[in-house]
Amino acid sequence: MGGDGKVFTLAQVADHNTPKDCWLIINGKVYDVTKFLEDHPGGDDVLLSATGKDATDDFEDVGHSDNARDMLKDFYVGEIDVSTIPKKTTYTPPKQPQYNQDKTSEFIIKLLQFLVPIAILGLAFGIRLYTKSS
């Protein structure tokens, strides 16, 4: 194909997301992989699911061979305007509530719920042993 260095926006590339017209963004470059869909070892669904976004991570995570990387040259159509790609958001875990030491009464109740039945069993066992030996 050989692109002429044309620059595309993410919206323009995202419009090419069908089995008859499939474009991907990998490492800041735009590739028209429509002709390769049927030959892709992972199936066409893998490529179609990577449309409309920066597919660099998807491409790199699979661990493609050097041959696969060389094949990209045949499908190159241009560059992506990186300002149109949203910044990656990092995961921020939700805020955890601080430990409230005023909950000591709850802890004591749970402890008693555990210890009282054990004490009753121990007492019953002790009484049985004492009455059996007498």
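As shown above, the structure is provided for reference.
These numbers were taken from a predicted model, which means no experiment stands behind them.

### Regarding the overall build of the chain
Along its length, the chain carries five helices and five strands. Tracing the chain from N to C terminus, the helices and strands come up as β-α-β-β-β-α-α-α-β-α. Buried positions account for 25% of the 134 residues belonging to the chain. Within the chain, counting contacts between residues at least 6 apart in sequence, those at least 24 apart form 69% of the total. With the model as given, the accessible surface of the chain reaches about 10,300 Å², and the carbon-plus-sulfur share is 59%.

### Let's talk about the side chain of Thr56
Relative to the helices and strands, Thr56 resides in helix α3 (residues 56-62). Thr56 gets classed as buried once you look at its relative accessible area, which sits at 13%. There is a polar contact of 2.7 Å between the side chain of Thr56 and the backbone nitrogen of Asn27. When neighbours within four sequence positions are excluded, Thr56 is seen to be in contact with Ile25, Ile26 and Asn27.

### What about a negative patch on the surface?
Negative charge collects at one region of the surface, where Glu38, Asp39, Asp44 and Asp45 lie side by side. Structurally, the position occupied by Asp39 is in the loop between β4 (29-32) and α2 (44-49). On the accessibility criterion, Asp39 (56% relative accessible area) is exposed.

### Some points on the packing of aromatic side chains
If you walk through the whole model with that rule in mind, you get three aromatic pairs. A ring pair is formed by Phe8 and Trp23, whose centres lie 5.0 Å apart and whose planes are at 80°; its orientation type is edge-to-face. You can see Phe8 sitting in strand β1 (residues 7-8) and its partner Trp23 sitting in strand β3 (residues 21-26), a full 15 residues away along the chain. The same class applies to Phe8 as to Trp23, namely buried. With a centroid separation of 5.7 Å and 45° between ring planes, the pair formed by Phe36 and Phe75 is classed as tilted. Within this pair, whereas Phe36 is found in the loop between β4 and α2, its partner Phe75 is found in helix α4 (residues 66-75), the two being separated by 39 residues in sequence. Under the relative-accessibility criterion, Phe36 is labelled buried at 16%. What makes Phe75 buried here is its relative accessible area of 14%.

### Things to note about α4
Of the residues making up α4, those classed as buried are Ala68, Leu72 and Phe75. Along the long axis of α4, the arc covered by the buried residues comes to 65°, so they all point the same way. Opposite the packed face of α4, turned more than 90 degrees from it, sit the exposed residues Asp66, Asn67 and Lys73. Close packing links the buried residues of α4 with β3, β4, α3 and β5 (76-80).

Parameters and conventions
Residues numbered from 1 in each chain as written. Predicted model: local features only at pLDDT ≥ 70, side-chain atom pairs only at ≥ 80, totals over all residues. Heavy atoms only, no water. Helix = DSSP H or I, 4+ residues; strand = E, 2+ residues; numbered from the N terminus. Buried < 20%, exposed > 50% of the residue type's maximum accessible area, 1.4 Å probe, protein only. Contact = heavy atoms within 4.5 Å. Areas by Shrake-Rupley, 256 points an atom, 1.4 Å probe, with all protein chains shown as cover. Polar contact = N/O pair within 3.5 Å; in protein donor to acceptor, adjacent residues only side chain to side chain. Patch = residues over 30% accessible without salt bridge, like charges linked within 9 Å, V, L, I, M, F, W, Y side chains within 5 Å. Salt bridge = Lys/Arg side-chain N within 4 Å of Asp/Glu carboxyl O. Lys, Arg positive; Asp, Glu negative; His and termini not counted. Charge placed at Lys NZ, Arg CZ, Asp CG, Glu CD. Phe/Tyr/Trp six-rings, centres within 6.5 Å; stacked < 30°, edge-to-face > 60°. Arc of directions from axis to C-beta.

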